[in-house]
Amino acid sequence: MSIYSPLTDVMDALSKGTFSFHEPNLLLLIVPAMIILILILVKSFVAIDRRRLKNPKFIHSRRRYRILVFIFRALIFSLLFIALADPYGEIEREIPGDLTVTMLIDNSSSMELFDLSFLPALKAELERRIPVKTAYISSPLESDIGDGVLNNLEKDKNILLISDGQATSGTMLLDVMLFASSLNSSISAIDLTPIESDIAVSIKGPSKTISEVENSYKVKIQRVAPEGTGTQSVRVIVGVDDEIIIDESTTKDEIMFSKNFSDGYHRLVARVVPDASYDHFPENNVFYKSTHVIPKPKVLFVTTAESAFKTVLDELYAVTQTNTLPAGKNDLEDYYAVILNDLPIDKLRDIEVLSDYVIEGNGLFVVGGYNSFDNGGYRGSAFESLLPVQLGTGERRRGDSNIVIITDISGSFTEKGVSTTALSTSKALAHNVIGNINEKNSVGAVAFDQWPYLIADIEPLFVNKGELLDKISRLQGKGGQTEFAAGLKGAFNILRGKTGSKNAIFISDGYTWNDLIRQEAIDVVKAMKNYGIKLYVIGTGRNLDENFLRQLATNGGGIYFTADTSNKLSILFGEPEHKEVGTAFSLFIMDPYHFITEDLDLSAVLYGYNQVVPKANANLLITSDSGEPAVVAWRHGVGRVATLTVFSSGNNLGELLGKDNSKLLTRIINWVIADPERKNDFFVDVRDARVNKTADIIVRTRQFPKVKGLDFSKIEKNTYKATYVNQDIGFKSVLGAVYGVNYDWEYQNVGFNPDLGTVVASTKGLLFKPGQVDAIVEHVKSVSHRVIVEQESFRLVFIILALVLLTIEIVTRRVRETWFKV
């Protein structure tokens, strides 16, 4: 039996560093085996003629023979023990692959806008050169493109998608592409050309708002037209409660408008009036939107001094002002939130009542200043336990933090085991993170694919910084699958039991098609949080799944950063910038994905801050530019608590009260209020719906609701739910609530999806023109010729080598015995 090929595989695995053992502990048996072998060989078990022992030639020959026997048997035993240790390696195999291409044709109504006359010719030309299958996906009013692809997806296959890429239901197309990539399948698409024109209109804006508040709405105009037609002007009419507020012809894609409303339900209608020859689907020319306006929620404003803050509050809320916190529980029941404005601890009577109020689902907003927090006697008080901050300076940034950097080196960061730009970027980010950490902190690192790999244990950064940077720069991926939980568990094992704050910084693209892998990672993150470990996430890579990475950060009590904002970590763990008291500073948004901070632009300049530190489970949302906490939030029971610990000279909120910056204050209050209808004994929650699609209605009432055609079921105390289907469009009402019913989703996002090329690229697919038959065939041949990585056992190789050596030894011994006889 020739072992040339297996030997080549062994050498290949050794050269690429993929050679390893399933049972490496058995290799330790080689040492005692060698000792026993030496003892046996030095002992003579057969009597030898004394005359021979006096022959120098015989003695010299015998010594050389024993050395030769020892070498042979040492090698034989070593090879056998190596075989017992079950050696293996990852071997690349080239396979020709299946050249069959499956043409998936989108059968939805929106495809009527495109020229599909090329399909018979394309199919016939492809069939002449490669095997072709054809399947139809979606239905006229159900563009479940992702499900259609998923149903036709197989390992190592090629798909050619003929679709506009406008999915309206089912599995997300990007998730399907990630799954296809994991199956080593390639999906390409045809770049379709429209032959029909169409215009769709829709309205985006709040479905629920507070009375007398300015609300912003966006009228979106979606156009599709044949090439060379140009952008056509269209008449747009917008009405609010039977009053026309916009009537203009425009070539714009969006029209913005603002509106203040009184209490009740309000109807908004947007209509486009295109030329009849410029509109294929008349169904999408009108859009109906309802906005439910509720009374201003009641809030209690507790302050010992007159404040301009009250003016801002009066515009949005029903405010009751007092100079002391009421002592009775019943005195707080009617309020959705309590706002404490720079109060010392002696003005806060009966903290237990306030604590119960928050735990039961209400809100608390604590505003700092000269008389509160570190200046107000909060340290060590029962009131401090309610807050998301504790009194003190930023010790966590001055050297008591334990930090583990987790770097993803899985297959999405490598190509055939070779580092890609994505991995290089990931390593550069890790370098940048380490460079931004105060050297008094202790830092370690792990890498992961399907297994965790310890790069460096936790040590003070001033001790191991150079070594850590060097090890990270030399990281090489093996192209393994992604197991986020493996890397997280590796960090958890390092951090568990450490004193001081415990933090993990996770650098990954979040790329996986497997929901179980995502869920396992989230479960591990939750367990880490329970042990006091906070997770910060940096997203990078070509297949970035930001939604999942944000989920990880949220469940880990940390913050999600994009690659270009990762330097914000220096505010958390870097050397603090010391500023003299009274020096001006600006505000810095740490977490831009929270309700309070999303799309918020702050320009306020302030001069003072309270010395506080966020608690372990709190969310640090905004800091000063020198890293001092400004806005911190958390949940206490089922209620919400937020603190604002920055202020201006003169002990007021200064520029935070301006028109643009005051949005921060209202966002904080709206967040702590949560649902502004939760105290109502009766309310109806019904959202705008789509024609012939199922929608939900939720009713809170003390009596079981009865509505003709609706079957309610109880979902919690005094709360009921029913589903309904509307068969025609327009405004409808149920139990006094008004909602809009609009055209089918199929007609809203018309035109070819401009992101489809990027989406298919994640599977190494391309976007082709209908006439590019040669390019399609060459691409199919190219991606079908695949290189796969297999794990191969080398046990048999070493057993055969041992047998070969044993045979050589036996033959050598027989030749020697024959020679001596002669």
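Here goes a summary of the coordinates provided. (Residues numbered from 1 in each chain as written. Predicted model: local features only at pLDDT ≥ 70, side-chain atom pairs only at ≥ 80, totals over all residues. Heavy atoms only, no water.)

### Thoughts on the overall build of the protein chain
For clarity, the threshold we go by: Only DSSP runs of H or I reaching four residues or more are called helices, and only runs of E reaching two or more are called strands; each is numbered from the N terminus. Here the globule rule is a power law, 2.2 Å times the number of residues to the power 0.38, and the radius of gyration is based on C-alpha atoms. Throughout, exposure labels follow a simple rule: accessible area from a 1.4 Å probe, protein chains only, divided by the maximum for the residue type, with under 20% read as buried, over 50% as exposed, and the rest as partly exposed. In what follows, a contact means two residues having at least one pair of non-hydrogen atoms within 4.5 Å. Using the Shrake-Rupley algorithm and a 1.4 Å probe, accessible areas are obtained, with residue cover drawn only from the displayed protein chains. Charge convention: Lys and Arg are scored as positive, Asp and Glu as negative, and His as well as the terminal groups of each chain are ignored. Taken as the charge location is NZ of Lys, CZ of Arg, CG of Asp or CD of Glu.
Within the protein chain, the regular secondary structure consists of 19 helices and 44 strands. Here the protein chain has a C-alpha radius of gyration of 36 Å; the compact-globule value for 822 residues is 28 Å, and the former is much larger. In terms of overall dimensions, the protein chain has a C-alpha envelope of 125 × 80 × 50 Å along the principal axes. Of all 822 residues assigned to the protein chain, the portion counted as buried reaches 50%. Sequence-distant contacts, at least 24 apart, represent 74% of the contacts inside the protein chain between residues at least 6 apart. As presented, the protein chain carries roughly 38500 Å² of accessible surface, and 52% of it is formed by carbon and sulfur atoms. Positive and negative charge centroids in the protein chain, built from 87 and 99 side chains respectively, lie 12 Å apart.

### Description of helix H11 (residues 461-473)
Convention followed: Throughout, bend refers to the angle between the axes fitted to the seven residues that end at a position and the seven residues that start at it.
When the local axis directions of H11 are compared, the greatest deviation, roughly 30°, occurs at Glu 467. Every buried residue of H11 is listed here: Leu 461, Asn 464, Leu 468 and Ile 472.

### Some points on empty space enclosed by the protein
The cut-off we apply is this: The method works on a 1 Å grid over the protein atoms by themselves. A cavity is a set of points holding a 1.4 Å probe that cannot get out, a pocket is an open set with protein on both sides within 12 Å along at least five of seven lines, and residues with an atom within 4 Å of a point line them. Grid points are joined across faces, edges and corners, and a volume is the space filled by probe spheres set on the points. Amino acid classes used here: Ala, Val, Leu, Ile, Met, Phe, Trp, Tyr, Cys and Pro are nonpolar; Asp, Glu, Lys and Arg are charged; the rest, including Gly, are polar.
Under the counting rule described, the total for this entry stands at three cavities of 30 Å³ or more. In this structure, the largest cavity spans a volume of roughly 110 Å³. In terms of lining, the largest cavity is formed by Ser 207, Lys 208, Tyr 265, Ser 290, His 292, Glu 677, Val 684, Asp 685, Val 686, Arg 687, Asp 688 and Val 738. Looking at the lining of the largest cavity, the element that brings in the most residues is strand S36 (residues 683-686), giving three residues. A per-class count over the lining of the largest cavity returns four nonpolar, three polar and five charged. What lines the second largest cavity is simply Val 101, Asn 158, Ile 159, Leu 160, Ser 186, Ser 188, Ile 776, His 779 and Val 780. Contributing elements (two or more residues each) for the lining of the second largest cavity: strand S5 (158-162), strand S6 (186-190) and helix H18 (773-784). Within the lining of the second largest cavity, the residues separate by chemical class into five nonpolar, four polar and no charged.

### Focus: the sheet that holds strand S27 (residues 560-562)
Under the convention used in this document: In this analysis, strands are considered paired if DSSP registers two or more bridges between them. Interaxial angle, 0 to 180 degrees, is taken between N-to-C directions of lines fitted to C-alpha atoms, where a helix line uses only the stretch in contact.
Across the sheet, which stays open at both edges, the six strands sit in the order S24-S23-S20-S25-S26-S27 with mixed pairing between neighbours. The open sheet is flanked by strand S24 (452-460) and S27, the only strands paired with a single partner. Taking each pair of neighbouring strands and ignoring which way they run, the sheet shows an average axis angle of 15°. Here strand S23 (residues 442-448) pairs with S24 via six bridges, running antiparallel.

### Considerations on the packing of aromatic side chains
Quick note on the threshold: Pairing of aromatic rings covers Phe, Tyr and the six-membered ring of Trp, with a centre-to-centre limit of 6.5 Å; geometry is then stacked below 30 degrees between planes, edge-to-face above 60, and tilted otherwise. Placement of a charge over a ring requires the Lys NZ or Arg CZ to be within 6 Å of the ring centre, with the centre-to-atom vector within 35 degrees of the ring normal.
Counted by the stated rule, this structure contains 23 aromatic pairs. Ring centres of Phe 19 and Phe 794 lie 5.8 Å apart, and the angle between their planes is 10°; on these two criteria the pair is classed as stacked. Residue Phe 19 is found in the loop between helix H1 (4-16) and strand S1 (20-21), and its partner Phe 794 is found in the loop between strand S44 (786-793) and helix H19 (795-821); the two are separated by 775 residues along the sequence. For the residue pair Phe 19 and Phe 794, the accessibility class agrees, reading buried in each case. Ring geometry for Tyr 378 and Phe 383: centres 5.0 Å apart, planes at 80°, overall edge-to-face. Take Tyr 378 and Phe 383: they sit in the same class, and that class is buried. Three or more aromatic residues link up through ring pairs in this structure, and these residues are Phe 19, Phe 21, Phe 794 and Phe 798. Positioned above the aromatic ring of Phe 731, the side-chain terminus of Arg 267 is 5.7 Å from the ring centre.

### Notes on the side chain of Ser 202
Structurally, Ser 202 can be placed in strand S7 (residues 198-204). Relative accessible area serves as the criterion here: at 8%, Ser 202 is assigned to the buried category. Aside from chain neighbours lying at most four places away, what touches Ser 202 is Lys 218, Val 219, Lys 220, Phe 287, Tyr 743 and Gln 748.

### Quick look at the pattern of salt bridges
The line we're drawing: Think of a salt bridge as a Lys or Arg side-chain nitrogen and an Asp or Glu carboxyl oxygen that are within 4 Å of each other.
A full pass over the atoms with the stated rule returns 25 salt bridges. With a closest N to O distance of 2.9 Å, Glu 809 and Arg 73 form a salt bridge. You can see Glu 809 sitting in helix H19 and its partner Arg 73 sitting in helix H4 (residues 56-84), a full 736 residues away along the chain. With a relative accessible area of 5%, Glu 809 lands in the buried category.

### Some words on the pairing of strand S10 (residues 234-240)
For S10, the tally of buried residues reaches six of seven residues, placing the bulk of the element in the interior. Bridge count for S10 against strand S11 (residues 243-250) is seven bridges, and the pairing is antiparallel. If you follow Val 234 over to S11, its bridge partner there is Thr 250. Counting the residues that bridge the hairpin from S10 to S11 gives two residues, and of these Asp 241 lies at a positive phi of roughly 50°.

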